[in-house]
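# Per-entry structural report
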Amino acid sequence: MCGRYTLIDGQADEDFSWICDIISQDHPGAVIPTDDVAPSQAAPVLTAGHTPVLQRWGLESPRGRGLFINARAETAAVKPTFRESVRSR
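A brief structural summary. Please read these numbers as outputs of a predicted model, since none were measured by experiment.

## Side note on the pattern of salt bridges
All told, the structure shown has two salt bridges when counted by the stated rule. In this structure, Asp36 and Arg4 form a salt bridge, with 3.3 Å as the shortest nitrogen-oxygen distance. With Asp36 in the loop between α1 (13-26) and β1 (42-46) and Arg4 in the segment before α1, this pair connects stretches of sequence that are 32 residues apart. Taking the relative accessible area as the measure of exposure, Asp36 reaches 45% and is therefore partly exposed.

## A word on the pairing of β1
Here five bridges tie β1 to strand β2 (residues 52-56), and the two strands are oriented antiparallel to one another. Along β2, the bridge assignment pairs Pro44 with Leu54. Where β1 folds back on β2, the antiparallel hairpin that results is connected by five residues, among which His50 adopts a positive phi of roughly 65°.

## Describing unusual backbone geometry
Of note in the backbone geometry, Ser40 takes a positive phi value of approximately 85° without being a glycine. Among the secondary structure elements, Ser40 is positioned in the loop between α1 and β1. Look at His50: it is not a glycine, yet its phi comes out positive at around 65°. Its place among the elements puts His50 in the loop between β1 and β2. Given the relative accessible area of 59%, His50 is considered exposed.

Here is what the cut-offs are and how they apply
Residues numbered from 1 in each chain as written. Predicted model: local features only at pLDDT ≥ 70, side-chain atom pairs only at ≥ 80, totals over all residues. Heavy atoms only, no water. Salt bridge = Lys/Arg side-chain N within 4 Å of Asp/Glu carboxyl O. Helix = DSSP H or I, 4+ residues; strand = E, 2+ residues; numbered from the N terminus. Buried < 20%, exposed > 50% of the residue type's maximum accessible area, 1.4 Å probe, protein only. Pairing = 2+ DSSP bridges.

If you want it as structure tokens, here you go:
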């Protein structure tokens, strides 16, 4: 699976602009990536409450040696690394 993505999309430009405006107000000077977003970068996220925030992309390894960016849907709910995140987020 690809480990990068882009945030530019013709149809979503208006929504994305709104998200960036909210984040910029909350975090003046924050750099919001718009293309070629890679793991470990801060990227715009809409929370469950529809609040735009900047969050680091990736799940910290339990041993502190890097980031996880992918999980298998079939096993994510039972693997210790992902279990709590799947249940609460």
